[in-house]
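Topology and contacts: notes
In case you want the letters, here they are:
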Amino acid sequence: MTEPLRAVLGEDQPIVREGIATILRAAGIDVVAAVDNAVDLVRAADEHRPDVVITDIRMPPALETDGLDAVRKIRAARPGTAVIVLSQFLDASYALDLVGDDPSGVGYLLKEKVAHPQLLIDAVERVVARDSALDPDVIAALLGRKRPEDPLASLTPKEREVLAHMAEGHSNTGIAALLFVSVAAVERHVTGIFMKLGLSQTASGQHRRVLAVLRYLDQ
């Protein structure tokens, strides 16, 4: 029998914390700790070694970016830990800060999306599988930024759309379903993205996907 995923939750608002915990437990995820501050979040992650840490950005003690700082410490100590950060604010800089040099195993969702439980559960499954799960609204904000000497300028609109969905964490099959095209068509677009971004064919497919997402985000 497969062991359930184990989660540590950080959220200082009791009602929100209990609501998220309820969503996770209903999906069969074992919430091994639920805390209300960043210091205890780091301690709980160290003690329980969960599959995923889910946290708000603004938490005590400073009520600034304590949650974000905590997951940085957690991933530095245990790089295999998947993390999802929840934010009330559409701030692409938080997403970029969280991703750092590697978007695999990282999720960033607007807190309002927790009203749709399946979105949170899907994000958990993606990050635990070492994919990324970035909020579509954040991706849209990144797409809309003005970028001097944009390295993505050579991509077609459809390739940019495919790359945006890659950044959200979707597989080729998932992208095909979203765009109502064949998986083969998506694969052609992905190949074109890799070629135009100069990503080596000697790297594994998953590694190139991560590199492509980093190129997309780091503009």
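Notes on the structure in this doc start here. (Residues numbered from 1 in each chain as written. Predicted model: local features only at pLDDT ≥ 70, side-chain atom pairs only at ≥ 80, totals over all residues. Heavy atoms only, no water.)

Observations concerning the overall build of the chain
Counting secondary structure elements, the chain contains 10 helices and six strands. Here the chain holds 219 residues, and 47% of them are scored as buried. Pairs at least 24 apart in sequence give 65% of the contacts found in the chain among residues at least 6 apart. (Helix = DSSP H or I, 4+ residues; strand = E, 2+ residues; numbered from the N terminus. Buried < 20%, exposed > 50% of the residue type's maximum accessible area, 1.4 Å probe, protein only. Contact = heavy atoms within 4.5 Å.)

Quick word on the side chain of S87
Structurally, S87 can be placed in strand β4 (residues 82-87). Among all residues touching S87, those that are not within four sequence positions of it are D56, I57, Y94, Y108, L109, L110 and K111.

Digging into the packing of helix α7 (residues 157-168) against helix α9 (residues 183-196)
One can describe the packing of α7 onto α9 by two numbers: an axis separation of 9 Å at closest approach and a directional angle of 95°. The orientation of α7 with respect to α9, classified from their angle, is roughly perpendicular. Within the contact between the two elements, α7 uses K158, E159, V162, L163 and M166 and α9 uses V186, H189, V190, G192, I193, F194 and K196. The class makeup of the residues in the contact of α7 with α9 is seven nonpolar, two polar and three charged. (Axes fitted to C-alpha atoms, helices over the stretch in contact; angles between N-to-C directions. Parallel < 35°, antiparallel > 145°, perpendicular 65-115°, else oblique. Nonpolar A, V, L, I, M, F, W, Y, C, P; charged D, E, K, R; others polar.)

A short note on the packing of helix α1 (residues 14-26) against helix α5 (residues 117-128)
For the pair α1 and α5, the least separation of the axes is 10 Å and the interaxial angle reads 65°. Here α1 lies roughly perpendicular to α5, going by the angle between them. With respect to the hand of their crossing, α1 and α5 are arranged in right-handed fashion. Across the interface between the two elements, I20, I23 and L24 from α1 touch P117, L120, I121 and V124 from α5. (Left-handed = near helix turned anticlockwise from the far one by under 90°.)

Looking at the pairing of β4
Within β4, six of the six residues are buried, which leaves it mostly tucked inside the rest of the structure. Neither face of β4 is open: one carries A82, I84 and L86, the other V83, V85 and S87, and all of them are buried. For strand β3 (residues 52-56) and β4, the ladder comprises five bridges, and the chain directions are parallel. Bridged to V53 within β4 is V83. In this fold, β3 hands off to helix α3 (residues 66-77), which returns the chain to β4; that crossover is right-handed. Looking at chain direction, β4 and strand β5 (residues 106-110) are connected through five bridges and run parallel. The partner of L86 across the bridge, within β5, is L109. (Pairing = 2+ DSSP bridges. Right-handed = clockwise from strand over helix to strand, strands pointing away.)

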